[in-house]
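Summary of structural features
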Amino acid sequence: MATRNTLHVEVVTAEHELYNGEAEIVDAPGADGQLGILPEHAPLLALLGPGPLQIKLHGNDSIFFVSGGFLEVSNDRVTILADTAEQAEEIDEARAQAARRQAEERLQDAQSRTERAELQAALMRALSRLKVVEIARRSGRVR
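Residues numbered from 1 in each chain as written. Predicted model: local features only at pLDDT ≥ 70, side-chain atom pairs only at ≥ 80, totals over all residues. Heavy atoms only, no water.

The name given to the protein in an unreviewed UniProt entry is ATP synthase epsilon chain, and the organism recorded there is Dictyobacter vulcani. The annotation that UniProt attaches to the protein under Sequence similarities (unreviewed entry) is "Belongs to the ATPase epsilon chain family." Word for word, the UniProt comment on the protein under Subcellular location (unreviewed entry) is "Cell membrane". (UniProt positions renumbered as here; feature names shortened; annotations may be inferred.)

In structure tokens, the structure reads:
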């Protein structure tokens, strides 16, 4: 139950629920830039891009990677419907680095606009996953 100083936040994908609880601040990757959501925020429906999602409560951060999706704010409730999402601690950094390298290498040999766009999206996802690991590392959540 949200109080005057908190929001109720749900983060879900088609497969499962990743978070269901309170937050003082939600920092999400909007398609056009970062979104900062505080209690008593105006109603909002926004498209999400790939990037870090941070949910902050009493100095503790829950950090996730989301690949995209939607965010809705209404009556101190934030609902995030993510295409895919994972907790920072679940990200395999070596695998993300390998995906980054592979996308960069293949991008140089892209034969069509479609292939180039797909590889740029793959590169953005890999870079965003690595950014989530770095944020979590700085906050002491990942070594």
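Let's pick the thread back up.
Quick notes on the overall build of the protein
When its secondary structure is counted, the protein shows two helices and ten strands. The N-to-C order of helical and strand elements in the protein reads β-β-β-β-β-β-β-β-β-β-α-α. Taken over the C-alpha trace, the protein has a radius of gyration of 16 Å; the compact-globule value for 143 residues is 15 Å, and the two agree within 12%. Taking all 143 residues of the protein together, the buried fraction comes to 43%. Only carbon and sulfur atoms are counted for the fraction: they give 48% of the accessible area of the protein, which is about 8,400 Å². Computed over 16 positive and 23 negative side-chain charges, the inter-centroid distance for the protein is 6 Å. (Helix = DSSP H or I, 4+ residues; strand = E, 2+ residues; numbered from the N terminus. Rg over C-alpha atoms; globule rule 2.2 N^0.38 Å. Buried < 20%, exposed > 50% of the residue type's maximum accessible area, 1.4 Å probe, protein only. Areas by Shrake-Rupley, 256 points an atom, 1.4 Å probe, with all protein chains shown as cover. Lys, Arg positive; Asp, Glu negative; His and termini not counted. Charge placed at Lys NZ, Arg CZ, Asp CG, Glu CD.)

Observations regarding the pattern of salt bridges
For side chains of opposite charge, pairing can occur when their charged atoms come near one another. Counted according to the given criterion, the structure contains six salt bridges. Linking R77 and E10 is a salt bridge whose minimum nitrogen-to-oxygen distance equals 2.8 Å. Placement of the pair is R77 in strand β9 (residues 77-82) and E10 in strand β1 (residues 7-12), with a sequence separation of 67 residues. The network of salt bridges with common partners includes E93, E134, R137 and R138. (Salt bridge = Lys/Arg side-chain N within 4 Å of Asp/Glu carboxyl O.)

Description of the UniProt feature "coiled-coil region" (unreviewed entry) in the protein
Residues given the UniProt feature "coiled-coil region" (unreviewed entry) here are residues 81-120. Secondary structure within residues 81-120 divides into 60% helix and 12% strand; the distance between the first and last C-alpha atoms comes to 23 Å.

Regarding the domain arrangement of the protein
What the domain assignment reports for the protein is domain 1 (7-88) and domain 2 (91-138). Using only C-alpha atoms to locate each centre, domain 1 and domain 2 end up separated by 22 Å. Contacts between the two partners involve eleven residues from domain 1, matched on the other side by nine residues from domain 2. Between domain 1 and domain 2, the buried area comes to about 840 Å², and carbon and sulfur atoms account for 76% of it. For the domain 1 face of the interface with domain 2, the top three residues by lost area are P52, F65 and A88, together amounting to 49%. (Domains from an automatic or database assignment. Contact = heavy atoms within 4.5 Å. Buried area = accessible area lost by both parts, 1.4 Å probe.)

A closer look at the UniProt feature "domain: ATP synthase F1 complex delta/epsilon subunit N-terminal" (unreviewed entry) in the protein
UniProt marks residues 7-85 with the feature "domain: ATP synthase F1 complex delta/epsilon subunit N-terminal" (unreviewed entry), using the numbering shown here. For residues 7-85, helix accounts for 0% and strand for 71%, while the C-alpha atoms at its two ends are 20 Å apart.

Description of the side chain of S67
Along the chain, S67 falls in the loop between β7 (60-66) and β8 (69-74). You can call S67 buried: its relative accessible area is 17%. Engagement of the side chain of S67 in a polar contact is seen with the side chain of T84, the distance being 2.7 Å. With sequence-adjacent residues up to four places away left out, S67 is seen in contact with G49, P50, D83, T84 and R125. (Polar contact = N/O pair within 3.5 Å; in protein donor to acceptor, adjacent residues only side chain to side chain.)

Focus on helix α1 (residues 93-108)
Spanning 16 residues, α1 covers 23 Å between terminal C-alpha atoms, matching the ideal 22 Å at 1.5 Å per step. Looking at the buried side of α1, the elements it contacts are α2 (113-138). (Expected span 1.5 Å × (residues − 1).)

Focus on the environment of V133
When you line up the elements, V133 lands in helix α2. Residues V133 and H16, 117 residues apart in the sequence, show an inter-C-alpha distance of 21 Å. Among residues more than four places away in sequence, those in contact with V133 are I91 and E93.

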